[in-house]
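Structural description and commentary
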Amino acid sequence: MENFFKVCLTVLTIWNPFGTEMVIVSAEGRSPGSSYFVFQQPAYPRDCKEVSNTCSSTHNTSAVYLIKPDGYPEPFEAYCNNDLDIGGWTVLQRRRSDSVNFNRSWEDFRNGFGFLGSEFWIGNEKIAYLTNQKRYQLRMDFENVAGETYFVTYDDFRISDEWGKYYISSLGTFAISDESKIEWCPANEIFSNETCERTCDDPDTCISATSRKEKEQCVCVGDYLRQQEQCIPLNQCNCFVDKKGSVLTVGDFYVNPRCTRKSTCRNNQIIKASYQCSVHATCAKRNGVRNCYCNPNYEGDGETCTRRAQDCYDLYVSGTRSDGVYTIYPDGWPSGVRVYCEMESNGGGWTVFQRRSSASVDFYRGWSDYKNGFGNKNHDHWLGNKYIHSLTNQKTYQLRIDLRDSGSSSYYAIYSTFTINNEADKYRLSIESSSSGNAAVENGLDYSNNTQFSTKDQDNDGWSSYDCAERHRGAWWFYKNWDCIREYSASQCRSYCPSFSFCGLFPDGSDNCAFCADSHLNGDYDGSTRGTNIYWYSDTLNSYECSLQYTDMKIRPV
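Below or above, wherever it landed, is the structure these notes cover. (Residues numbered from 1 in each chain as written. Predicted model: local features only at pLDDT ≥ 70, side-chain atom pairs only at ≥ 80, totals over all residues. Heavy atoms only, no water.)

**Observations regarding the state of the cysteines**
Keep this limit in mind: Two cysteine sulfurs form a disulfide in these notes if their separation is within 2.5 Å. The numbering of helices and of strands both runs from the N terminus, where a helix is a DSSP run of H or I of at least 4 residues and a strand a run of E of at least 2. Exposure categories follow from relative accessible area, calculated using a 1.4 Å probe and restricted to protein chains: below 20% of the type maximum is buried, above 50% is exposed, and the middle band is partly exposed.
As enumerated under the stated definition, the model contains 12 disulfides in all. At a sulfur-sulfur separation of 2.1 Å, the disulfide partner of C185 is C218. Its torsion about the S-S bond being -85°, the disulfide of C185 and C218 is classed as left-handed. With C185 in the loop between β14 (174–176) and β15 (190–192) and C218 in strand β16 (residues 217–219), this pair connects stretches of sequence that are 33 residues apart. With a relative accessible area of 14%, C218 lands in the buried category. Across a sulfur-sulfur distance of 1.9 Å, C200 and C237 are joined as a disulfide pair. With the S-S dihedral at roughly -60°, the linkage between C200 and C237 falls on the left-handed side. Highlighted residues: C200 in the loop between β15 and β16 and C237 in the loop between β18 (230–233) and β19 (240–241), separated in sequence by 37 residues. In terms of burial, C200 and C237 fall into one category: buried.

**Section: the packing of aromatic side chains**
Heads up, the condition is: Centres within 6.5 Å make a pair out of two Phe, Tyr or Trp rings, where for Trp the six-membered ring is used; the pair is then stacked when the planes are under 30 degrees apart, edge-to-face when over 60, and tilted otherwise. The rule is short: NZ of Lys or CZ of Arg within 6 Å of the ring centre and within 35 degrees of the ring normal puts a charge over the ring.
Enumeration over the complete set of coordinates arrives at 33 aromatic pairs. Summarising the aromatic geometry, the rings of W367 and Y427 are spaced 5.6 Å apart at their centres and angled 25° between planes, so their arrangement reads as stacked. Highlighted residues: W367 in helix α5 (residues 367–372) and Y427 in the loop between β35 (418–420) and β36 (429–431), separated in sequence by 60 residues. No difference in accessibility class separates W367 from Y427, as the two residues are buried. Its end group placed over the ring of Y79, R94 keeps NZ or CZ at 4.5 Å from the ring centre. Of note, R95 hangs over the ring of F102, and the distance from its end group to the ring centre comes to 3.9 Å.

**Some details on the pattern of salt bridges**
To be explicit about the condition: By definition, a salt bridge exists where a carboxyl oxygen of Asp or Glu is found within 4 Å of a side-chain nitrogen of Lys or Arg.
In the structure shown here, the tally under the stated rule is 26 salt bridges. We note a salt bridge from D155 to R135, for which the minimum N-O separation is 4.0 Å. Linking D155 in the loop between β11 (149–154) and β12 (158–159) with R135 in the loop between α3 (124–131) and β10 (138–143), this pair joins segments that are 20 residues apart in sequence. Here D155 falls in the partly exposed class, since its relative accessible area comes to 27%. Taking relative accessible area as the criterion, R135 reaches 60% and is therefore assigned exposed. Overlapping salt bridges bring together R46, D47, E50, D70 and K134 as one network.

**Some remarks on a positive patch on the surface**
To keep things clear, this is the line we draw: By definition, no residue in a patch forms a salt bridge, and every one has over 30% relative accessible area; like charges are joined within 9 Å, nonpolar side chains (Val, Leu, Ile, Met, Phe, Trp, Tyr) within 5 Å. Throughout, the Shrake-Rupley method with a 1.4 Å probe supplies accessible areas, and for residues the shown protein chains are the sole cover considered. All tallies of charge rest on Lys and Arg as positive and Asp and Glu as negative; His and the ends of each chain are not included. Where a charge lies is defined by one atom per residue type: Lys uses NZ, Arg uses CZ, Asp uses CG and Glu uses CD.
Judged by side-chain charge, K243, R258, R261 and K272 come together as a positively charged surface patch. In this structure K272 comes out as exposed when scored by relative accessible area, which is 58%.

**Topic: the pairing of β18**
Regular strands have side chains that alternate between both faces of the sheet. Formally: DSSP bridges decide pairing: two strands pair if at least two such bridges lie between them.
Alignment of strand β17 (residues 224–227) against β18, held across 4 bridges, turns out to be antiparallel. Along β18, the bridge assignment pairs Y224 with P233. Connecting β17 to the next strand, β18, in antiparallel fashion are 2 residues, including Q228 with a positive phi near 60°.

**Structural notes on the side chain of N256**
What counts is decided by this rule: What qualifies as a polar contact is a pair of N or O atoms within 3.5 Å, subject to a donor-acceptor requirement within protein and to the restriction that residues adjacent in sequence count only when both atoms come from side chains. A contact between two residues is defined here by any heavy atoms of the two lying within 4.5 Å.
Following the sequence through the fold, N256 ends up in the loop between β21 (253–255) and β22 (261–266). Among the polar contacts made by the side chain of N256, one reaches the main-chain amide nitrogen of T260 at a distance of 2.8 Å. Among the polar contacts listed, one links the side chain of N256 to the backbone nitrogen of R261, at a separation of 3.1 Å. Setting aside chain neighbours within four positions, we find N256 in contact with R261 and R290.

**A word on the sheet that holds strand β23 (residues 269–274)**
Which entries qualify depends on this criterion: Think of each axis as a best-fit line through the C-alpha atoms, taken over the contacting stretch in the case of a helix, with angles from 0 to 180 degrees between the N-to-C directions.
Taken in spatial order, the 3 strands line up as β21-β22-β23 in an open sheet, and their pairing is antiparallel. Edge positions in the sheet fall to β21 and β23, since each has one partner strand and no second. The sheet shows a mean angle of 20° between the axes of neighbouring strands, taken without regard to direction. Bridge count for β22 against β23 is 6 bridges, and the pairing is antiparallel.

**Focus on the environment of F157**
Tracing the backbone shows F157 in the loop between β11 and β12. Taking relative accessible area as the criterion, F157 reaches 10% and is therefore assigned buried.

**So, the pairing of strand β4 (residues 63–67)**
With 5 of 5 residues buried, β4 is to be regarded as a mostly interior element. Neither face of β4 is exposed, since A63, Y65 and I67 on one face and V64 and L66 on the opposite face are all buried. As defined by bridge partners, β4 adjoins strand β5 (residues 76–81) across 5 bridges and the pair is classed as antiparallel. The residue of β5 that forms the bridge with V64 is Y79.

**Some thoughts on the side chain of H472**
Tracing the backbone through its elements, the reader meets H472 in the loop between α7 (468–471) and β38 (482–483). For H472, a relative accessible area of 0% gives the class buried. In contact with H472, not counting residues within four places along its chain, are F478, G504, F506, F515, C516, H520, G523, G531, T532 and Y535.

**Focus: the sheet that holds strand β7 (residues 93–94)**
The sheet built from 3 strands is open, its strands ordered β7-β9-β8 with antiparallel pairing. Sheet topology places β7 and β8 (113–114) at the edges, where each strand pairs with a single neighbour. Relative to strand β9 (residues 120–121), β8 is paired through 2 bridges, and the arrangement is antiparallel. Across the sheet, the residue bridging to G114 is F120, located in β9.

Structural data, given as structure tokens:
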């Protein structure tokens, strides 16, 4: 643009006693030489109207000029529109595209921003000084998407200072150039291309922008929500909750911070009711929702919490009567543990942690497998020592062991108490020696009491001469027990070891044999080598039974 920056000045001359001549050049020419020493100070126009009047002798085009309203500390640049009507318009704002971001802070709107040659806001502080020195007319020019232009005017425009938050203190009479070109929005709505308009019925969901017929239209935005055909403030929606500061969706609820009152949105109305957490619940905010939440191992709505089944016996008492796999919640396992429950025999309520019925599952495994469990809980499996530990330490449990030999004869042993310690103590076994059952005479677990668990990769049997888990090809509560050569001569052992009927003996060279426990139910199924198969020592079992075809181990509260 020609003469983009122009200064239109009058020159004042004052006497300077130091005798130095200083000259400021105006936009209309240089001041004449003087024999006097002077300081020349400009007097700036107060607005673009005065620019137009002062510079009438020149080509007074639309451009940027220096102005200085009354009281404003320094002159500043303003864009003067002299092409509109008779000129003299001081431009406060211009928007032509989205090249300048108008979503700005208070300070930016106070001081102004943008580029006077394109898009800008001159600044509220400047506007306040401008509009309070004279009476001003405000004109707003628009161009719609069709390229049609129109304008509106207010004949007495004034705003307050920053202390008054730049309040519009006067507007005067309104006039419009062409009423037909203006689309008026209803109360509380704005003409916008906003893509998120919400409703009182569903305040969390935006109305889809794809449903709009036009790029821009009247919408409810910000803290205004649509209720039928009206746009109302958020706090006037029927299901607005003051303490939450938002609107509830139909069916949703809000609980106060102390969990003593619950507000629910029903039929577009807030229904308030007293609320109290169960003694087994905690008042907490989870995933943005405050509520009474049942403590671990309890279930319910927070007001009522019942203890989840800790074992199969709890399920049995609650009415479950069929054998099968169920979820229980032992202490320390809030997500639950899947176990096989024996409900139809032996009085029901038994939690099974071991079963052997075929060679389908390999039981010669390492520590990690026995800790976490393996196999199919509907068939052969080991539940896992970490779960057995949690189970047996939450109540007092009895242990039942069921056995069946190759002749289909059944045996069982019951121990009045059974528990194992934690992993740090290698799942040490603790049982009550008093026992019952037809396999409980000289029974196989008596001497395993107070021993640690051993696997092929963790030898905790206390016998330096042998790795019992490796020799017996399984995992068990082994202990230092019997070695033939300690009791008899080599020649006696050569005769004794092959002939002795106890199948728990494993060979140790050509003239010795030994065993690590009186029972081992996790050995090889139908083991081919002596001492590696499943066995249980008892006088009542035929030949110290070495041909067991079925075993299971299970617990029930005493």
